[in-house]
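The primary structure of each chain is shown beneath.
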Amino acid sequence: TEDHDRGAAAGSLAAPYGDGRTAAQSRAIIGWQRDGLAGALHGGGEKRKLRVDFIAVHWYRSADPAAFESWLKDLHRKYRRPVWVTEFNGWKVSEREHERFVKGAVRALERLSFVERYAYFTWKPGQPGSLFNADGTLSKVGEIYRRAK
């Protein structure tokens, strides 16, 4: 396409992972993403002029920063591409668990050289895990995220 000709980066399909869907729905989504990447990267993508410069992912599986980091490393090993975490959140856990997750997750994201971009998925202001309090000021999670770099 024209954007490819101008050197724009092309990302993979991004699928939500562990965001409250049923196990069967999550497996189907993961399979869809995996099969699409396999076709583009290993199964004739060159013939069809498909290009995947980075792997785009979402994370909602848990509020465990170590599991998040391990999953990212596995993706990078498997696809040998930079990773863009286009959305991440510990999902439906307490505020304190969100604080711990954001602190650990951002540390890992900053440390992993293959992670080129990341963005936290925030809830509505005032809800646990939101970057903002109901009055629009930064929440504790928001402060942790802001200071994390």
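Use the structure listed above.
The notes below deal with the structure included here. The residue numbers shown here count from 1 along each chain, following its written sequence. Selection of residues for local features in this predicted model requires a pLDDT of at least 70, selection of side-chain atom pairs for listing and counting requires 80 or more, and totals for whole chains, interfaces and linings are taken over all residues. Neither water nor hydrogens contribute to the side-chain values; these are computed over all heavy atoms in the structure.

**Re the packing of aromatic side chains**
Short version of the rule: The criterion for an aromatic pair is that two Phe, Tyr or Trp rings (for Trp, the six-membered ring) have centres within 6.5 Å, with stacked assigned to planes under 30 degrees apart, edge-to-face to planes over 60 apart and tilted to the rest. Put simply, DSSP marks the helices as runs of H or I at least four residues long and the strands as runs of E at least two long, and each gets a number from the N terminus on. Here's how the labels work: a residue is buried when its accessible area is under 20% of the maximum for its type, exposed when over 50%, partly exposed in between, all with a 1.4 Å probe on protein chains only. Counting as a charge over the ring demands two things of the Lys NZ or Arg CZ atom: a distance within 6 Å of the ring centre and an angle within 35 degrees of the ring normal.
Counted under the stated rule, the structure contains 15 aromatic pairs. Here phenylalanine 68 and phenylalanine 101 contribute two aromatic rings whose centre-to-centre distance is 5.9 Å and whose plane-to-plane angle is 50 degrees, an arrangement assigned as tilted. Remark: phenylalanine 101 occurs in helix α4 (residues 95–111) and phenylalanine 68 occurs in helix α3 (residues 65–79); sequence separation between them is 33 residues. Taking the relative accessible area as the measure of exposure, phenylalanine 68 reaches 0% and is therefore buried. When the ring of phenylalanine 88 is compared with that of tyrosine 118, the centres are 6.2 Å apart and the planes differ by 65 degrees; the resulting orientation is edge-to-face. Of this pair, phenylalanine 88 sits in strand β2 (residues 83–88) while tyrosine 118 sits in strand β3 (residues 115–120); the two residues are 30 residues apart in sequence, bridging distant segments of the chain. Clustering of aromatic rings is evident, with ring pairs tying together Trp59, Phe68, Trp71, Phe88, Phe101, Tyr118, Tyr120 and Tyr145. Above the plane of the ring of tryptophan 84 lies arginine 117, whose end atom (NZ or CZ) is 5.0 Å from the centre.

**What to know about the pairing of β2**
How we decide: Strand pairing follows a simple DSSP-based rule, namely that at least 2 bridges must link the two strands. Seen with its strands pointing away from the viewer, a crossover is right-handed if its path from the first strand over the helix to the second goes clockwise.
The pairing of strand β1 (residues 55–59) with β2 spans 5 bridges and is classified as parallel. Looking at β2, one finds that tryptophan 59 is bridged to phenylalanine 88. The parallel pair β1 and β2 is bridged by α3, and the resulting crossover is right-handed. As paired strands, β2 and β3 are joined by 4 bridges and run parallel to one another. Pairing of valine 85 across the sheet is with tyrosine 118, part of β3. For the crossover from β2 across α4 to β3, the handedness is right-handed.

**A word on the packing of α3 against α4**
Counted only if it meets this: A fitted line through C-alpha atoms represents every axis, and for helices the fit uses only the stretch in contact; the resulting angles, taken between N-to-C directions, go from 0 to 180 degrees. An angle below 35 degrees is read as roughly parallel, one above 145 as roughly antiparallel, one from 65 to 115 as roughly perpendicular, and any other as oblique. We call a crossing left-handed when the near helix sits turned anticlockwise from the far one by less than a right angle, and right-handed when that turn is clockwise. Should any heavy atoms of two residues lie within 4.5 Å, those residues are considered in contact. Under the scheme applied here, ten amino acids are nonpolar (Ala, Val, Leu, Ile, Met, Phe, Trp, Tyr, Cys and Pro), four are charged (Asp, Glu, Lys and Arg), and all others, including Gly, are polar.
Taken N-terminus to C-terminus, the directions of α3 and α4 make an angle of 30 degrees; their axes are 8 Å apart at the nearest point. Compared by their axis directions, α3 and α4 come out roughly parallel. Viewed along their axes, α3 and α4 form a crossing whose handedness is right-handed. Contact residues: α3 offers Pro65, Phe68, Glu69 and Leu72, while α4 offers Arg100, Phe101, Gly104, Ala105, Ala108, Leu109 and Arg111. A breakdown of the residues in the contact of α3 with α4 according to their chemical character gives 7 nonpolar, 1 polar and 3 charged.

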